[in-house]
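Below, each chain spelled out in residue letters.
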Amino acid sequence: MRIAATYFRTGLSGDGRLQETAMTLNEDFTPMRWEDGRFLLLDQTLLPAEEVWIDCASTEIVADAIRRLAVRGAPAIGVAAAFGLVIASPEGNLEKILEAADFLETTRPTAVNLQWALDLGRELAQRDFATDAERAAAVLAWAQELHADDIETNRRMGENGAALFQQGDRVVTHCNAGGLATGGFGTAVGVIRAAHARGGLGMVWVDETRPLLQGARLTSWELGKLDIPHRLVTDSSIGAIVSRDLVDRVVVGADRIAANGDVANKIGTYTVAVLAHRHGVPFYVAAPLSTIDRHTPSGQDIPIEERDGNEVTHLGGQAVAPAGTEGMNFAFDVTPAELVAAIITEEGVLEPPFDESIAAAFARAGR
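K.L.:
Explain the sheet that holds strand β6 (residues 230-233) residue by residue, including any values.
P.N.:
Strand order across the open sheet formed by seven strands is β6-β5-β4-β7-β10-β15-β16, with mixed pairing between neighbours. Two strands lie at the open edges of the sheet, namely β6 and β16 (348-350), each paired on one side alone. Within this sheet the neighbouring strands show an average axis-to-axis angle of 25 degrees, counted without direction. The sheet contact formed by strand β10 (residues 283-286) and strand β15 (residues 342-345) spans three bridges and is parallel. Counted as the bridge partner of V285 is I343 from β15. Lying over the sheet, helix α7 (residues 214-225) contacts β4 (170-173), β5 (203-207) and β6, oriented at roughly 160 degrees with respect to β5. Against the sheet, helix α11 (residues 354-364) engages β15 and β16, with an angle of about 155 degrees to β16.

Given below as structure tokens:
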């Protein structure tokens, strides 16, 4: 399995920008890389206008990137956090690595891959190494393997999900669950990519995903790079296109899936699921097993992040509401398992009852 650095063939200029983009998404793509002892993240807050890379010289920079959504999407956050532990102590000091894990844990409460990756990193770092240098080497190797495994997991997930599509299907996706939201390839967009490669895709409806427009800015950017036919619509258009029989399937990603199959994903997902259910359109969720939290019984137990209300009252730094207007900004909502037709994972397509199919998938994976 190739690791992240091999996916890029151009370097950084002195001011930290790519001199010539090498991001051909028809090939392998990742929004992060480890190169010459440096961890680099694509700043997704600036897409699609600029493709700028952040040189993450400290754990604090990684944490800031996670908080402000420069890196986002549950799998990508998990991988970024793993490299955050590498950066915390290049010499392999255990105390610094554990302190960094505690610090990174505070950045985003809903995406379970963050906690999952940090728990793995803590367990590894606390093993009995002969020297700190051995610990540092082991943590770096683990982070690189985690990254490579995520890409391979997404490819398997894409192939599993593509089997659900028929030629010419029109699909809705919400937010961004592509290569940008993962170590590479993507979850929901990975399924779309695989279906397109098989000839089982007509068009993708991309909703804008207010308030930060991840669908408009990021998913449209990725699909354009992939030459996959798509059209952008407002979030409030989903009911119209579903009711006019313009949609055959819905596929979204997830930030956390409870043991019973309830799904936390970007705000607005529940609305899409209800509309799909009302009109008999299958609603699929694509996520790796690492996003399924078997310690969380149901969606009611998932912590929901509330972000700054200014993200609602402002757009691109410009006010779109009268001065003094307060915004309510839930970052996620929960879609009940009863609205989910299937959960697409690297271990196959899971169908209801999800408590049983999830347990079986983990058993197949030996977890």
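Back to the text.
K.L.:
Please set out unusual backbone geometry residue by residue, giving values where relevant.
P.N.:
Apart from glycine, the bulk of residues carry a negative phi angle, and the bulk of peptide bonds sit in the trans form. Following R210, the chain continues to P211 via a peptide bond in cis, the omega torsion being 5 degrees. By secondary structure assignment, the location of P211 is in the loop between β5 and α7. A cis geometry characterises the amide bond from P352 onward to P353, with omega recorded as -5 degrees. Inspection of the secondary structure puts P353 in the loop between β16 and α11. In the Ramachandran plot, L69 falls in the positive-phi region, its phi being about 70 degrees despite a non-glycine side chain. If you trace the backbone, L69 turns up in the loop between α1 (59-67) and α2 (74-88). Even without being glycine, T209 reaches a positive phi, approximately 65 degrees.

K.L.:
Can you lay out the packing of aromatic side chains for me, pointing to particular residues and giving the numbers?
P.N.:
In this structure the tally under the stated criterion is two aromatic pairs. Aromatic pair W34 and F83: ring centres 5.8 Å apart, planes at 20 degrees, arrangement stacked. With W34 in strand β1 (residues 32-35) and F83 in helix α2, the pair connects residues that are 49 residues apart, well separated along the chain. Grouping residues by exposure puts W34 and F83 together as buried. Ring centres 4.7 Å apart and planes at 15 degrees place the aromatic pair F39 and F83 in the stacked group. Of this pair, F39 sits in strand β2 (residues 38-42) while F83 sits in helix α2; the two residues are 44 residues apart in sequence, bridging distant segments of the chain. Each residue in the set W34, F39 and F83 is aromatic and connected to the rest through ring pairs, giving one cluster.

K.L.:
Can you lay out the sheet that holds strand β14 (residues 332-335) for me, pointing to particular residues and giving the numbers?
P.N.:
Within the open sheet, the four strands sit side by side as β11-β8-β9-β14. Their pairing is mixed. Taken across any chain shown, the strands that pair with only one partner, and hence form the sheet edges, are β11 (292-293) and β14. Across two bridges, the pairing between strand β8 (residues 256-258) and β11 is parallel. Bridge pairing in β11 links I257 to I292.

K.L.:
Could you give an account of empty space enclosed by the protein, with specific residues and numbers?
P.N.:
Following the criterion strictly, the structure yields three cavities of 30 Å³ or more and no others. Put simply, the largest cavity is a space of about 210 Å³. Every residue lining the largest cavity is counted, 25 residues in all, and those nearest its centre are R72, G73, A74, N176 and D255. At three residues, α2 tops the list of elements feeding residues into the lining of the largest cavity.

K.L.:
Break down α11 for me, citing the residues and quoting the values.
P.N.:
Of all the residues in α11, the buried ones are F354, S357, I358, A361 and F362. For α11, the arc enclosing every buried residue in end-on projection is 135 degrees, short of the 170-degree limit, so these residues lie on one face. For α11, the exposed residues lying more than 90 degrees away from the buried face are E356 and A363. Note on α11: the residue one or two positions beyond its end, G366, has a positive phi of about 70 degrees.

K.L.:
Tell me about the packing of α1 against helix α3 (residues 94-104), residues and numbers included.
P.N.:
One way to put it is that α1 packs onto α3 with a least axis distance of 10 Å and a crossing angle of 15 degrees. Judged by the angle between their axes, α1 and α3 are roughly parallel. The interaxial crossing formed by α1 with α3 has right-handed handedness. Listed contacts from α3 to T59, E60, V62, A63, I66 and R67 of α1 are A100, F103 and L104.

About the criteria used
- Residues numbered from 1 in each chain as written.
- Predicted model: local features only at pLDDT ≥ 70, side-chain atom pairs only at ≥ 80, totals over all residues.
- Heavy atoms only, no water.
- Pairing = 2+ DSSP bridges.
- Helix = DSSP H or I, 4+ residues; strand = E, 2+ residues; numbered from the N terminus.
- Axes fitted to C-alpha atoms, helices over the stretch in contact; angles between N-to-C directions.
- Contact = heavy atoms within 4.5 Å.
- Phe/Tyr/Trp six-rings, centres within 6.5 Å; stacked < 30°, edge-to-face > 60°.
- Buried < 20%, exposed > 50% of the residue type's maximum accessible area, 1.4 Å probe, protein only.
- 1 Å grid on protein atoms, 1.4 Å probe; cavity = no way out; pocket = protein on both sides within 12 Å on 5 of 7 lines; lining within 4 Å.
- Points joined across faces, edges and corners; volume = space filled by probe spheres on them.
- Arc of directions from axis to C-beta.
- Parallel < 35°, antiparallel > 145°, perpendicular 65-115°, else oblique.
- Left-handed = near helix turned anticlockwise from the far one by under 90°.

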